[in-house]
Structure formats: C-alpha cells, structure tokens
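Notes for the structure review
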Amino acid sequence: MFTINHINNELPKSLQYIELEKSLIALLGEERQFLPNMANMASLLFFSLKNINWCGFYLMNLGELVLGPFQGKPACVRISVGKGVCGTSAQRLESLIVQDVDKFPGHIACDVDSRSEIVIPLMKNNELIGVLDIDSPMLACFNEDDRQGLERLVSILLECSDC
Ligand code: SME
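Reading the values: rules and limits
Residues numbered from 1 in each chain as written. Predicted model: local features only at pLDDT ≥ 70, side-chain atom pairs only at ≥ 80, totals over all residues. Heavy atoms only, no water. Salt bridge = Lys/Arg side-chain N within 4 Å of Asp/Glu carboxyl O. Helix = DSSP H or I, 4+ residues; strand = E, 2+ residues; numbered from the N terminus. 1 Å grid on protein atoms, 1.4 Å probe; cavity = no way out; pocket = protein on both sides within 12 Å on 5 of 7 lines; lining within 4 Å. Points joined across faces, edges and corners; volume = space filled by probe spheres on them. Nonpolar A, V, L, I, M, F, W, Y, C, P; charged D, E, K, R; others polar.

**Thoughts on the pattern of salt bridges**
Applying the stated criterion to the full structure yields twelve salt bridges. Measuring nitrogen to oxygen at the nearest pair gives 2.4 Å for the salt bridge that ties Arg152 to Glu21. Of this pair, Arg152 sits in helix H4 (residues 144-159) while Glu21 is found in helix H1 (residues 13-28), placing the two residues 131 residues apart along the sequence. Beyond isolated ion pairs, a larger network of salt bridges with shared partners links Lys73, Asp111 and Asp113.

Laid out in structure tokens, this is it:
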C-alpha cells in the first residue's frame, strides 16, 4: 500500500516540489498505464498542495479537451481549444498562471470557489495530449515555482507512462 508522505507546506515551494517528485516516482512505481498514473498523480497533488480545490487532467480527444481523472467537485466535460484557461494553454502550448480568474476573459467556472488557476500542457513527442489543471480558492495562489515544479512532475508522469 502507498501512503502519501506528508509534505511540509511551510517549506519553500521549490523544496516541496522536490519532495513531490520523489513521491510521484515512488507512487507510479513500475506501472506504465497512463490512466491510473494520472489518477494517482491527481490524488497526490490534491492531498499534498496547500489551498487547492480542484486538480485534474483534460485529454485531447478528436480535437477538443475532454475531462480525465481528477479530484474535486464535478467539472465541465468538454473544453474547446482556445476556450477558457485550459483551452488557451492548449492553444498556446504553454503553461498559464491566472492570478484572478475573474479577470481572465472566457474563464470557464466549474467550481464557484476557484479564484486562481494554473494549467500545464502535456506534450509527448512534440504533440499536445492534454493539460493538467489546478484551481485554488485563493487569489494568486500559484507562482513561477509552481510552474517549474508542476512541469517537472508532468514530465515524470509522461516518461513513466505509455501514452
Ligand atoms: N477553469 C477552467 C475549466 C476547468 S475547471 O477549472 C475544472 C478553464 O477556464 O479552462
């Protein structure tokens, strides 16, 4: 059985992400199936990061983003590329940090509690296969340390999975 190591949320975020990298590698183990690996990563992040209310994946399917494994309240199932924070990140092929979702034109509100958001694209062999989306009920919850840390975690997920 895997137990999530408690992350000391008082540590600088960059150090918290180093701990999370070790936890993710241990959690994925030898498993290479993408779906359970995404599900476990969403759970690891949801129960480790402070001040988040939604964490999960949207996967590219027939040209649009479709809801994948997540933790949090039920969410919208389909997002067009170019729409919302997720679709904009997917279109630009870059991570997006939104400090105040009410100021992001076209933000798609799935959970009314969400105030800030970060989205990381999942790129495999130079192709977009989906995005990781994390919401916070706090304004400006995410910064450059989160972007770098989450991009590293996403690259571990992709390297460790057949996708
Ligand atoms: N807020 C996102 C939609 C997904 S939910 O936050 C889970 C967006 O604007 O793309």
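Having put the structure on the table, let's press on.
**Points about empty space enclosed by the protein**
On inspection of all chains with the given rule, the structure shows one cavity of 30 Å³ or more. Of the pockets and cavities examined, the largest cavity occupies roughly 110 Å³. Surrounding the largest cavity, 17 residues form its lining, Cys86, Ile108, Cys110, Glu117 and Asp133 being those nearest its centre. Elements with a minimum of two residues in the lining of the largest cavity: strand S1 (54-61), helix H3 (84-92) and strand S6 (127-136). Per element, the largest residue contribution to the lining of the largest cavity is three residues, and it comes from H3. Classifying every residue of the lining of the largest cavity by side-chain character gives ten nonpolar, three polar and four charged.

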